[in-house]
Amino acid sequence: MKNKEYLLSPGPTPIPAEVLAEASLPIRHHRTPEFSKIFTRTVSGLQYVFQTQNDVYILAASGTGAMEAAVVNVLCPGDRVISISTGKFGARWGDICRSYGIDVHEVELAWGHDYPPEKLASSLKSFPGARAVFTTLSETSTGTVYDIRRYAEIVSKTEALLVVDGISGIGAMPCPMDEWQIDVLISGAQKAFMTPPGLSYIAFSSRAWKAVEKASLPRHYLDIRKYKQSLLKKTSPFTPAISLLGQQCKALERIRTAGLRRMFDHHRILGEATRAGVQALGLELLSQNPGNILTAVRIPSGLDGKEFVDIMHNRYGVYIAGAQVPHQGEFFRTAHLGFMSGFDIITALAAMEMALRDLGYPVKGGEAVKAAQFILKECYCEKNIGL
Ligand SMILES: *Cc1c(COP(=O)(O)O)cnc(C)c1O
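Here the structure is a predicted model, which means the values were calculated and not measured.

Attention now moves to the packing of aromatic side chains. Applying the stated criterion to the full structure yields 11 aromatic pairs. Their ring planes at 50 degrees and their centres at 5.7 Å tell us that Phe-204 and Trp-209 sit as a pair that is tilted. Trp-209 sits in the buried class, given a relative accessible area of 13%. Within the aromatic cluster, the residues linked to one another by ring pairs are Tyr-57, Phe-204 and Trp-209. Taking NZ or CZ as reference, Arg-80 lies 4.1 Å from the ring centre of Phe-127, over its face. Between Lys-191 and the ring centre of Phe-89, over which it is positioned, the NZ or CZ distance is 5.5 Å.

On to the confidence of the model for the protein, then. When pLDDT is averaged across the protein, the result is 97; 100% of the residues are at 70 or more. Here helix α14 (residues 367-382) stands out as the least confident element of the protein, with mean pLDDT 91; strand β10 (residues 200-204) is the most confident, with 99.

The subject of this paragraph is unusual backbone geometry. Trans is the prevailing form of peptide bonds, just as negative phi is the prevailing case for residues other than glycine. For the bond from Gly-11 to Pro-12, the omega torsion is 0 degrees, close enough to zero to count as cis. Mapped onto the elements, Pro-12 comes out in the loop between β1 (6-7) and α1 (17-22). The residue after Val-325, namely Pro-326, is reached through a cis peptide bond having omega 5 degrees. Despite not being glycine, Gln-51 shows a phi value in the positive range, around 55 degrees. For Gln-51, the position within the fold is in the loop between α2 (33-50) and β2 (56-59). Look at Gln-51 and you get partly exposed, because its relative accessible area is 30%. In this model, Lys-234 sits at a positive phi of 60 degrees, which is unusual for a non-glycine residue. Of note, Lys-234 is situated in the loop between α9 (224-232) and α10 (242-258).

By definition, the strands of a sheet pair up through backbone hydrogen bonds, in either a parallel or an antiparallel sense. What the seven strands build is an open sheet, ordered β2-β10-β9-β8-β5-β3-β4; its pairing is mixed. Each edge of the open sheet is held by one strand with a lone partner, namely β2 and β4 (103-108). With direction set aside, neighbouring strand axes in the sheet form an average angle of 20 degrees. Direction of pairing for strand β3 (residues 80-85) relative to β4: parallel, over a ladder of six bridges.

Attention now goes to the site of the ligand. Within the structure, the ligand sits among Ser-62, Gly-63, Thr-64, Phe-89, Arg-92, Ser-138, Thr-140, Asp-165, Ile-167, Ser-168, Gln-190 and Lys-191. Note that an oxygen atom of the ligand is positioned 2.5 Å from one of the side-chain N or O atoms of Thr-64. Between the ligand and the protein, one listed contact pairs an oxygen atom with a side-chain N or O atom of Thr-140 at 2.5 Å. At the level of secondary structure, the elements contributing two or more residues to the shell around the ligand comprise α3 (63-74) and α4 (88-99). Of the residues belonging to the shell around the ligand, the class tally is two nonpolar, seven polar and three charged.

A large share of strand β9 (residues 184-188) lies buried, amounting to five of its five residues. Neither face of β9 is open: one carries Val-184, Ile-186 and Gly-188, the other Leu-185 and Ser-187, and all of them are buried. Two elements, strand β8 (residues 161-165) and β9, share three bridges in a ladder whose sense is parallel. Along β9, the bridge assignment pairs Val-163 with Val-184. Here five bridges tie β9 to β10, and the two strands are oriented antiparallel to one another.

Parameters and conventions
- Residues numbered from 1 in each chain as written.
- Predicted model: local features only at pLDDT ≥ 70, side-chain atom pairs only at ≥ 80, totals over all residues.
- Heavy atoms only, no water.
- Phe/Tyr/Trp six-rings, centres within 6.5 Å; stacked < 30°, edge-to-face > 60°.
- Buried < 20%, exposed > 50% of the residue type's maximum accessible area, 1.4 Å probe, protein only.
- Lys NZ or Arg CZ within 6 Å of the ring centre and 35° of its normal.
- pLDDT = per-residue confidence, 0-100.
- Helix = DSSP H or I, 4+ residues; strand = E, 2+ residues; numbered from the N terminus.
- Pairing = 2+ DSSP bridges.
- Axes fitted to C-alpha atoms, helices over the stretch in contact; angles between N-to-C directions.
- Near = heavy atom within 4 Å.
- Polar contact = N/O pair within 3.5 Å; in protein donor to acceptor, adjacent residues only side chain to side chain.
- Nonpolar A, V, L, I, M, F, W, Y, C, P; charged D, E, K, R; others polar.

Here's what the structure looks like:
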């Protein structure tokens, strides 16, 4: 028999029971008034979370599909762009752009490193004529968050568009699309949105829409103009992922009831508790600017990082994530994202203590749990930040 599993990965994330149950309902046809109601309710819930008056379009694709949609809908062959490679996911922007013949100026950061806004300002000067800046709100391969508000202040004064991968960050940390003047913002169902993988979301500012009209890269399934036309008729251009949409609609009810303020506080406190826990064990964080979404922790020297993650999973049933290529084995990533609670964090930290001891790292037991408990008291006693 296998142990009960605890999902602490930064996507997919755990799903509330009422959202799981939604998938068991009979399939409704998507060209009906009933489905249109669910569809429009979902769109307006997404606008609430994106903090935007712009339409938010729903794609039947994982997050990368929305990334590709961002590229093909605003650029022309040979355009120059700046892409900030913050880690595994940030690097994907450059990869997608190059697949379409875009001239990419890639800013390559060491994993976990910050990118101060002043550097973006100088990149824009040294690479004139850039049509867009591609960046990431929360880099999920390193647990690092980036100062999108300041990036937007800089980019909005130029001809370039600011395109933000908010796949893991949106819903877990502030990133108001309209207030900050973000041009293209994307996210995905399987992170803070408490929904199974398979849907991604994308919104364009009015400035970005001008680029959409002029863009000339090949696009068909991801041609966002089709989605705009269909949305006027309260539907999607192609068969939508009907069950997933019902699930996202249900999850958005929970998110709206909690409210964005509480979503952010909740994620912040769980992040603080996690960091306090691992630091109480003498472990080091990877990130210079760790965020609310996940914590990346360096593996102490002499320990095998892959073995640690395997023990967590196979022996204790706690599914944390390892480090991705090319840093495999160097650190691990434990999430505090989506439908989790303080006791998911306690579980993860308790299992980490046990797995570290199994590998011969000096842990008495209880140090990390104790440090996290102090912080989680804020969550359970002083403030109600449950979801
Ligand atoms: C999860 C994630 C992606 C990739 O999304 P897929 O759903 O795997 O296509 C991209 N960027 C970030 C920041 C992510 O967290």
